[in-house]
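Descriptive analysis of the structure
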Amino acid sequence: MIGHVTVKKGGFPQKSQTLILPLFTADLKTNKILKQIDQKSSGELSEKIKTHEFEGKEGQSVSAENISGYKAVLLLGVGEKKEFSLIQLREGVAKALRAVRMMKFTTVDLFLPEVELSFQLGKHLALAVHLSNYSFLKYKSKEAKKKHTVITEANLILSQPAKEKDVLLMQEGIRIAATIDLGISLARDLVNEPAIHLGPDEMVATARSIEKESKGLLKVKVLEEAECRRLGMGAFLGVAQGSDKKPRFIVIQTVSKKAGKKKYVSVVGKSIMFDSGGLSLKPGSSMEDMKMDMAGAASVLGVFKTLVQAPDFLRRIADQMELSGVIPACENMPSGKAMRPGDIVTALNGKTIEVLNTDAEGRLALADAVSYAEKYLKAEYIIDLATLTGACMVALGNDLAGAFGNDKELIKLVVDTANHEGEGIWELPLYKKYLKQMKSEIADLKNIGGGRMGGAITAALFLSEFVKKAKWVHLDIAGPAFRHEPPQGTLPHGASGWGVMTVLGVITQLINV
Ligand code: BES
Ligand code: ZN
Ligand code: ZN
């Protein structure tokens, strides 16, 4: 976590280098803070408003230097009050903070707009600070690291008299944001890490360190190759067999001494440490990013990383829920030992799969993971996160994850939560008629459909064949897991950590219903 966030009482002057002032379109003439700082300058800011350079529209911003003790003042448009959302404010503030960093300043006073003070306000504003501070600098030179500017201090300044209770709620939100940030940053680090340094064993090590941090609230179980074989995970092992790195099937789960009826919830993450395509080798340019094919698993570990930072909450979860993370970690590589197109493997649930394309490997590994969750962890609810198909990116673009499922209520819970947390998502249909594309002439299933059309749907349908009774949602995160665009708001270049917030939100709601 980078950056210290505090709530402060209003008034001038504060001590930071810069000021960010979010403004609604209707407040341009009436905002008291703006009036005060403008009067102390030569009217530079009011001029920008007069000339309509700044109208307070969402995402708009203007800045001026050396005003009222500040080295820089940024006005940030937050649009119309009736359309206000915390996510929009979070992203606007994150963008403004990036502008502050570009100017090489590190401390900020953020004057709060006149909105209700709440836990969520504190949480999202602190997330704006922490998440926009993230960069993957591990492999940069010392000099580059030194030059890198981050926001070290952000003060959230109350613009109106506030009740003590509301301030406490905001502070609680700020505290929780720090734990969420640790989870998201871990997920981002794992995805950004090159596959040479992050194989199945390193995923195990990461899970083990979270287990250790949990002080007995979590336990990790690792199934090695022989054990996977004994259980009959032919699909997962088929994917792994071409690589020199040994597969590891990782389970991380809550421990509780409290008896009583519990919900069984499993979060499954695709964990292909590198996806070369196998013998159905990917072309070079499609392979460039394939270290990110474990982003689903990274988010699962991110969720548990957050939970161990909040032991009281984790204990509450453990008392009401058997929560598990399931990570079938392996590498998809070509070699003399690799699975061949045309090979038939037998999955944990006994179904046989004709593997016609070894690049459609995620569904094979996940098939066994989902079956395992239901058979051995008694999962009643399963959420899987997977960078599963390029087709989902074609359908939804880079911002949105595709959501599929077999239970309307659970899909709605997941989609609503993602929207609430500001993670892009769109429901796609689990259209049963296409399932016949996945039927094989000589086995129960084949691992690719007829053609390229509807590829995200046929992949989801394939997975659905491995879910028995559980309520299940599949999230295809191939698009949003990894970004090629420049940083934007809370999102950096590269790994995004998509899913950590959504899954945490879903778990929170599942213990409350
Ligand atoms: N890991 C890829 C999907 C992917 C593509 C993720 C691009 C992120 C960015 C997956 O294993 C894959 O290769 N899927 C194939 C399936 C096809 C062979 C049916 C695809 O999408 O092309
Ligand atoms: Zn693949
Ligand atoms: Zn893959």
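Residues numbered from 1 in each chain as written. Chains lettered and ligands numbered in written order. Predicted model: local features only at pLDDT ≥ 70, side-chain atom pairs only at ≥ 80, totals over all residues. Heavy atoms only, no water.

Within the chain, the regular secondary structure consists of 17 helices and 20 strands. For 513 residues, the compact-globule formula gives about 24 Å, and the C-alpha radius of gyration of the chain, at 24 Å, lands near that figure. Across its three principal directions, the C-alpha atoms of the chain cover 80 × 55 × 45 Å. Partitioning the intrachain contacts of the chain with sequence separation of at least 6 by distance along the chain shows that 78% fall at a separation of at least 24. When the accessible surface of the chain is totalled, it reaches about 21,900 Å², and 54% of it is carbon and sulfur. (Helix = DSSP H or I, 4+ residues; strand = E, 2+ residues; numbered from the N terminus. Rg over C-alpha atoms; globule rule 2.2 N^0.38 Å. Contact = heavy atoms within 4.5 Å. Areas by Shrake-Rupley, 256 points an atom, 1.4 Å probe, with all protein chains shown as cover.)

To continue, consider the coordination of the zinc ion (ligand 2). Put simply, the ideal angle at a metal is 109.5 degrees for four donors in tetrahedral geometry and 90 or 180 degrees for six donors in octahedral geometry. In the first shell of the zinc ion (ligand 2), the protein supplies Asp275 (OD), Asp359 (O), Asp359 (OD) and Glu361 (OE), at 2.0 to 2.2 Å from the metal. Around the zinc ion (ligand 2), the six donor atoms are arranged such that angles at the metal cover 70 to 167°; this shape is classified as irregular. Along the chain, the residues donating to the zinc ion (ligand 2) fall in the pattern D-x83-D-x1-E. Taken as a pair, the zinc ion (ligand 2) and the zinc ion (ligand 3) show a spacing of 3.2 Å, with Asp275 coordinating each metal. Judged by relative accessible area, which is 22%, Asp359 ranks as partly exposed. Residue Glu361 is classed as buried on the basis of its relative accessible area of 1%. (Donors = N, O, S within 2.8 Å, 3.2 Å for Na, K, Ca; no water. Tetrahedral: all angles 85-135°; square planar, octahedral: opposite > 155°, others 65-115°. Buried < 20%, exposed > 50% of the residue type's maximum accessible area, 1.4 Å probe, protein only.)

With that settled, consider the sheet that holds strand β13 (residues 352–355). Two strands in a sheet stick together by hydrogen bonds in their backbones, pointing the same way (parallel) or opposite ways (antiparallel). Spatially, three strands are ordered β12-β13-β17 in an open sheet, and the strand pairing comes out mixed. Strands at the two margins of the open sheet, each flanked by one partner only, are β12 (343–346) and β17 (445–446). One ladder, built from two bridges, connects β13 with β17; its direction is parallel. Paired with Ile353 across the strands is Leu445, a residue of β17. (Pairing = 2+ DSSP bridges.)

This next bit is on the nonpolar core. Ile20, Met203, Leu323 and Leu475 are the most contacted members of the largest nonpolar core, which totals 100 residues. Both domains that meet at this core, namely domain 1 (4–177) and domain 2 (193–512), each give it at least three residues. Residues in contact with Leu323, not counting those within four places in the same chain, are Ile252, Gln253, Thr254, Val265, Val267, Phe304, Leu307, Ile317 and Ile507. Counting 53 residues, the second-largest nonpolar core is a separate cluster that includes Leu237, Leu348, Ala367 and Ala369. (Core = buried A, V, L, I, M, F, W, Y, C linked by side-chain atoms within 4.5 Å. Domains from an automatic or database assignment.)

Once that is clear, we can look at the site of ligand 1. Not every one of the 17 residues close to ligand 1 is listed here, only the nearest: Lys282, Asp293, Asp359, Glu361 and Gly390. Side-chain polar atom of Lys270 to an oxygen atom of ligand 1: 3.2 Å apart, as the coordinates give it. Lys282 is positioned such that a nitrogen or oxygen atom in its side chain is 2.8 Å from an oxygen atom of ligand 1. Surface burial for ligand 1 is 78%, taken as the share of its 520 Å² of free accessible area covered by protein chains. (Near = heavy atom within 4 Å. Polar contact = N/O pair within 3.5 Å; in protein donor to acceptor, adjacent residues only side chain to side chain.)

Examined against the element boundaries, Lys439 turns out to sit in the loop between β16 (425–427) and β17. For Lys439 and Gly449, which are ten residues apart along the polypeptide, the C-alpha to C-alpha distance reads 8.3 Å. Setting aside chain neighbours within four positions, we find Lys439 in contact with Asp444, Leu445 and Lys446.

Before going further, it helps to spend a moment on the side chain of Lys262. By secondary structure assignment, the location of Lys262 is in the loop between β8 (248–254) and β9 (263–269). Within polar-contact distance, the side chain of Lys262 engages the backbone oxygen of Ala318 at 3.3 Å. With near-sequence residues (within four places) excluded, Lys262 lies in contact with Ser256, Ala318, Asp319, Gln320, Met321, Glu322 and Glu380.

Of the protein atoms, only Lys270 (NZ), Asp275 (OD), Asp293 (OD) and Glu361 (OE) coordinate the zinc ion (ligand 3), at distances of 1.9 to 2.4 Å. Read N to C, the donor residues that coordinate the zinc ion (ligand 3) are spaced as K-x4-D-x17-D-x67-E.

Moving on: the environment of His474. Considering the arrangement of structural elements, one finds His474 in strand β18 (residues 471–476). Residue His474 is classed as buried on the basis of its relative accessible area, which comes to 0%. Along the primary structure His474 and Thr490 are separated by 16 residues, whereas in three dimensions their C-alpha atoms are 25 Å apart. Leaving out residues up to four positions away in the same chain, His474 has contacts with Asp384, Ala386, Leu388, Gly402, Ala403, Phe404, Ala460 and Leu463. Within the structure, the side chain of His474 is placed 2.6 Å from the side chain of Asp384, a separation counted as a polar contact.

Inspection of every chain in the model, using the stated rule, returns seven aromatic pairs. Ring geometry for Phe236 against Phe249: centres 5.8 Å apart, planes inclined by 70°, an arrangement best described as edge-to-face. Here Phe236 is found in helix α9 (residues 234–240), whereas its partner Phe249 is found in strand β8, with 13 residues between them in sequence. Ring plane angle 45° and centroid distance 5.3 Å describe the contact between Phe462 and Phe466, whose orientation is recorded as tilted. Of the two residues examined, Phe462 and Phe466, each falls in the buried class. Three or more aromatic residues link up through ring pairs in this structure, and these residues are Phe236, Phe249, Tyr372 and Tyr376. Note that Arg188 overlies the ring of Tyr134, its terminal NZ or CZ placed 5.3 Å from the centroid. (Phe/Tyr/Trp six-rings, centres within 6.5 Å; stacked < 30°, edge-to-face > 60°. Lys NZ or Arg CZ within 6 Å of the ring centre and 35° of its normal.)

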